[in-house]
Structure formats: structure tokens, C-alpha cells
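Chain residues, written in single-letter form:
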Amino acid sequence: MMLQVSNLHAWYGESHILQGVNLEVRQGELVTILGRNGAGKTTTLRALMGMIERRTGSIVFDGTETIAMADHRIPRLGLAYCPEERAVFRSLTVTENLMLPPVLAPGGLSVDEIHALFPNLKERAGSTGGNLSGGEQQMLAIGRILRTGARMLLLDEPTEGLAPVIVKQIATAIRALKQRGFTIVLVEQNFHFASSVADRLYIMDHGVVVDHLSAAEAAAQPERIRRQLGV
Ligand code: ATP
């Protein structure tokens, strides 16, 4: 098991947001977390990265318990987070954006390897981050975390606000990452996108996991998901 989360609780100040999250991810798996607004999906990813100070329960990443670990140590284990607001430098070129992130764990990809995964970034190498389309910015933000040596990627709504044709490109890129052996946790509101790439799906509501399904179950029972997402 690459990641085992048991009875995870997390608080923002006095607000008790995560109320006992349980989930697990095997090596090389692509797992999506679905849920309506405010269900606690982003909070779960932030808690995994140690970005939420008050948290209890257990998070075992690749054999190491991280629940009490300082946030700067967690990326060095090979875990990386790509937030919803695409973290790229708008005034730097694509190449400069890719050169900046430090290699924190063994296995960080070279710029050439990132170009092979995201050919659009190679074409736009000399453009500034601010001049990229939303989809290209998303690929650049993911490319940047691949530099760090992460083996497990936590991607927060990579399709947010993107046109359907771009969502397809992101799906292709995410499948390529899986093919390359990365383990991926993807937070999504877009059920179609999620079920097109995921091996398994978790559904969250009110700070807990309320259901989990295989991709085959999700394809056979879309109404089960729609009901729980309230759509
Ligand atoms: P969304 O798709 O809207 O981001 P989500 O499932 O990712 O939904 P979270 O962002 O994890 O939901 O938010 C869970 C709850 O925590 C919400 O009720 C939200 O209002 C609250 N929350 C989020 N960030 C903070 C914060 N910095 N301080 C206080 N409460 C917060």
C-alpha cells in the first residue's frame, strides 16, 4: 500500500472539518475523490501534505507515519500537491518555471522528460506563464511538481474551468503519468472526467468518505454517484 489514511480528523481553528476519513491507495493506482462543494476534498489533500496544523488519526505514506510530521519534511518523502489555483510564475517562461523547483527526492524528472509527457510545454517553452492557456498552465503546474522527485501526486481539480477539448488533453496527460508509474490522487467535481481516468473512486460528504467504488462499478451505476453528489 502506498498510502493508508485511517480516521483522519482535521480542524481549521475551531471548525472540525475532517471527521474520520479512511482511504487507501495502492502503488501505481489512480484514485479520484469526488464530492460536492465543501465536502472536505481539498482539506484532505492539504492534511496529507501536513498543511493543516491540527490533525489527528493516521497517515502512512510508503511505510512512514506522517500525521505528526512537519510540513517541510513531507515532500521529501516523494509526495507532492498541485493546488487548484495553478501554481505557475506568470512572468517567467515555461522553461524557467520548470527549472525552479528544487529536487527534493530521488527521481525528479528532467525538463526533457517533462516535455515528452507534455508536448505542449515543449512548443511553448519560451512563452511566459501568464501567456499560456488555462490547460497549458495546468500542465506546467503538474510539470513543476514532477521536477521535485514526487512518486505520488495529489492533484486538486485540474480540469476546473477548462473547455472540454482541453479536459481531454489533461486526461491524456494524466493517463501518461499513470503509465509512467506515478501514483495519483485526483480531487474532482467533474464526474465524467473522474470516471474516465480513475481505477477507483471515493465519494466524500461532510468530512467523511461515504462511498467507494471501482471504475467498473462507477460505469455501471452512475446514478449511485449522482445521488451522492446531489446532481
Ligand atoms: P470545493 O470543491 O468547494 O473546494 P472541498 O470538498 O474541496 O470543496 P474543502 O475546501 O475541503 O471542500 O472545504 C471543507 C470545509 O472547510 C468547507 O466548509 C469550507 O468552508 C471549510 N474551509 C475551507 N478552508 C477553510 C479555511 N482556510 N478556514 C476555515 N474553513 C475553511
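Residues numbered from 1 in each chain as written. Predicted model: local features only at pLDDT ≥ 70, side-chain atom pairs only at ≥ 80, totals over all residues. Heavy atoms only, no water.

**Observations concerning the overall build of the chain**
Then step 1. Scanning the chain for helices and strands turns up nine helices and ten strands.
Then step 2. A compact globule built from 231 residues would reach a C-alpha radius of gyration of about 17 Å, and the chain, at 17 Å, matches this within 12%.
Then step 3. With the C-alpha coordinates aligned to their principal axes, the bounding extent of the chain is approximately 45 × 40 × 30 Å.
Then step 4. Expressed as a percentage of the 231 residues in the chain, the buried residues total 52%.
Then step 5. Taking as baseline every contact in the chain between residues at least 6 positions apart, the subset at least 24 positions apart corresponds to 70%. (Helix = DSSP H or I, 4+ residues; strand = E, 2+ residues; numbered from the N terminus. Rg over C-alpha atoms; globule rule 2.2 N^0.38 Å. Buried < 20%, exposed > 50% of the residue type's maximum accessible area, 1.4 Å probe, protein only. Contact = heavy atoms within 4.5 Å.)

**Some words on the nonpolar core**
Then step 1. Ranked by size, the top nonpolar core spans 45 residues in total, and within it Phe118, Leu146, Leu153, Leu155, Leu177 and Ile225 carry the most contacts.
Then step 2. Considering each element in turn, this core owes the most residues, seven residues, to helix α6 (residues 164-179). (Core = buried A, V, L, I, M, F, W, Y, C linked by side-chain atoms within 4.5 Å.)

**Quick word on the environment of Val210**
Then step 1. Note on placement: Val210 falls in strand β10 (residues 208-214).
Then step 2. Once residues within four sequence positions are removed from consideration, Val210 is found in contact with Ile203, Met204, Asp205 and Gln228.

**Considering the site of the ligand**
Then step 1. Near the ligand you find Tyr12, Ile17, Arg36, Asn37, Gly38, Ala39, Gly40, Lys41, Thr42, Thr43, Glu157 and Gln189, and these make up its full shell.
Then step 2. A distance of 3.1 Å is found between an oxygen atom of the ligand and a side-chain nitrogen or oxygen belonging to Asn37.
Then step 3. Between the ligand and Thr43, the relevant distance is 2.5 Å, taken from an oxygen atom to a side-chain nitrogen or oxygen of the residue.
Then step 4. Burial of the ligand by the surrounding chains reaches 59%, relative to a free accessible area of 630 Å². (Near = heavy atom within 4 Å. Polar contact = N/O pair within 3.5 Å; in protein donor to acceptor, adjacent residues only side chain to side chain. Areas by Shrake-Rupley, 256 points an atom, 1.4 Å probe, with all protein chains shown as cover.)

**Side note on the sheet that holds strand β3 (residues 30-34)**
Then step 1. One open sheet accounts for six strands, arranged β6-β7-β8-β3-β9-β10; its pairing is mixed. Edge positions in the open sheet fall to β6 (79-82) and β10, since each of these has one partner strand only. Strand-to-strand, the axes of this sheet are offset by a mean angle of 20 degrees, without reference to chain direction.
Then step 2. One ladder, built from four bridges, connects β3 with strand β9 (residues 200-205); its direction is parallel. Residue pairing for β9: Ile33 is matched across the bridge by Tyr202.
Then step 3. Packing against the sheet, helix α1 (residues 41-48) makes contact with β3, β6, β7 (152-156), β8 (183-188) and β9, and its axis sits at approximately 150 degrees to β7.
Then step 4. Taken strand by strand, helix α5 (residues 134-147) contacts β6 and β7, and its axis lies near 160 degrees from that of β6. (Pairing = 2+ DSSP bridges. Axes fitted to C-alpha atoms, helices over the stretch in contact; angles between N-to-C directions.)

**Let's talk about the confidence of the model for the chain**
It should be kept in mind that the predicted coordinates are not to be read in detail where pLDDT is low.
Then step 1. With 100% of its residues at a pLDDT of 70 or more, the chain shows a mean pLDDT of 93.
Then step 2. Model confidence for the complex is summarised by a pTM of 0.94, with the ipTM given as 0.95. (pLDDT = per-residue confidence, 0-100.)

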